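Structural description and commentary
As a plain string of letters, each chain reads:
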Amino acid sequence: PDSKWLATGSDDTTIILWDTATQSITRKWEGHGDIVWHLAFSPDNRRLASSGAEGRIMVWDMEVAQGEDEQIAPLATMEGHTETIHSVVWSPDGKKLASGSDDMTVRIWDGETYELLHLLEGHLGMVSFVLFSPDNALLASGGADYMCRLWDVETGELRHELSGHNSMVWTA
């Protein structure tokens, strides 16, 4: 969010934290045992969430990520998805995370304790994206079932199913 860093993830299982001013590598570490699919900085830039092909989300402390240690440990590892997690995002207020997976589920996590708050089921194919509304109230998800679903973030209830596409829904 503040343009100081860029994080990239790769098929080689690594995450690289780049200094955008110098275009140099600040830190490189192995983040997952498989492909790193998605990365998202928290709104305050203090944490980085990563998701992988092995179905885990890891949250990294950005102050530690700037240090000299060979390997850094995640602040948290969130497990529950059984397949690749294509998308992990922070809510605009930084209090929650959401994830969408090939296992056809969406999950909402507490952004401080990293505990699962809601398991959202209803997609009939892989979930390619999740996205919080600017007011933190709704979560959109979509994917291989050609649908976009809107969920109530606090209750986990499905609010709306939006249809109209004739193919994969990649983003909102």
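Presented here is an overview of the structure given in this document. All residue numbers refer to position in the chain's written sequence, counted from 1. Thresholds applied to this predicted model are a pLDDT of at least 70 for local features of residues and 80 or more for the giving and counting of side-chain atom pairs; totals over whole chains, interfaces and linings are not thresholded and use all residues. Note: side-chain values were computed over all heavy atoms of the structure, leaving out hydrogens and water.

Salt bridge, as used here: a side-chain nitrogen of Lys or Arg that lies within 4 Å of a carboxyl oxygen of Asp or Glu. Scanning the model with the defined rule gives seven salt bridges in all. Its salt-bridge partner being E54, residue R56 comes within 3.0 Å of it at the nearest N-O pair. Type-normalised accessible area, obtained with a 1.4 Å probe on protein chains alone, sets the label of each residue: buried when under 20%, exposed when over 50%, and partly exposed for intermediate values. Overall, R56 belongs to the partly exposed group, its relative accessible area being 23%. What makes E54 partly exposed here is its relative accessible area of 25%. A salt bridge links E154 to K96, with the nearest nitrogen and oxygen atoms 3.1 Å apart. You can see E154 sitting in the loop between β14 (148–152) and β15 (158–162) and its partner K96 sitting in strand β9 (residues 96–101), a full 58 residues away along the chain. Using a relative accessible area of 56% as the deciding quantity, one classes E154 as exposed. For the purposes of this entry, the term helix denotes a DSSP run of H or I that reaches at least four residues, the term strand denotes a run of E that reaches at least two, and both are numbered from the N terminus.

Here we come to the sheet that holds strand β10 (residues 105–110). By this definition, two strands are paired if DSSP reports at least two bridges between them. Pairing is antiparallel across the open sheet formed by four strands, whose spatial order is β8-β9-β10-β11. Each having just a single partner strand, β8 (85–90) and β11 (116–121) make up the two edges of the open sheet. Each strand of the sheet is rotated relative to its neighbour by a mean of 15°, with strand direction disregarded. Bridge analysis of β10 against β11 gives five bridges, and the strand direction is antiparallel. Within β11, the residue paired with W109 across the bridge is L116. Orientation is described by lines fitted to C-alpha atoms, with helices fitted over the stretch in contact, and by angles between N-to-C directions that extend from 0 to 180 degrees.

Quick look at the sheet that holds strand β3 (residues 24–30) now. Spatially, three strands are ordered β1-β2-β3 in an open sheet, and the strand pairing comes out antiparallel. At either end of the open sheet lies a strand with only one pairing partner, and these are β1 (5–9) and β3. Averaged over all adjacent pairs, the angle separating strand axes in this sheet is 20°, with direction ignored. Bridging between β1 and strand β2 (residues 14–19) involves five bridges; their strand directions are antiparallel. Directly across from T8, in β2, lies its bridge partner I16.

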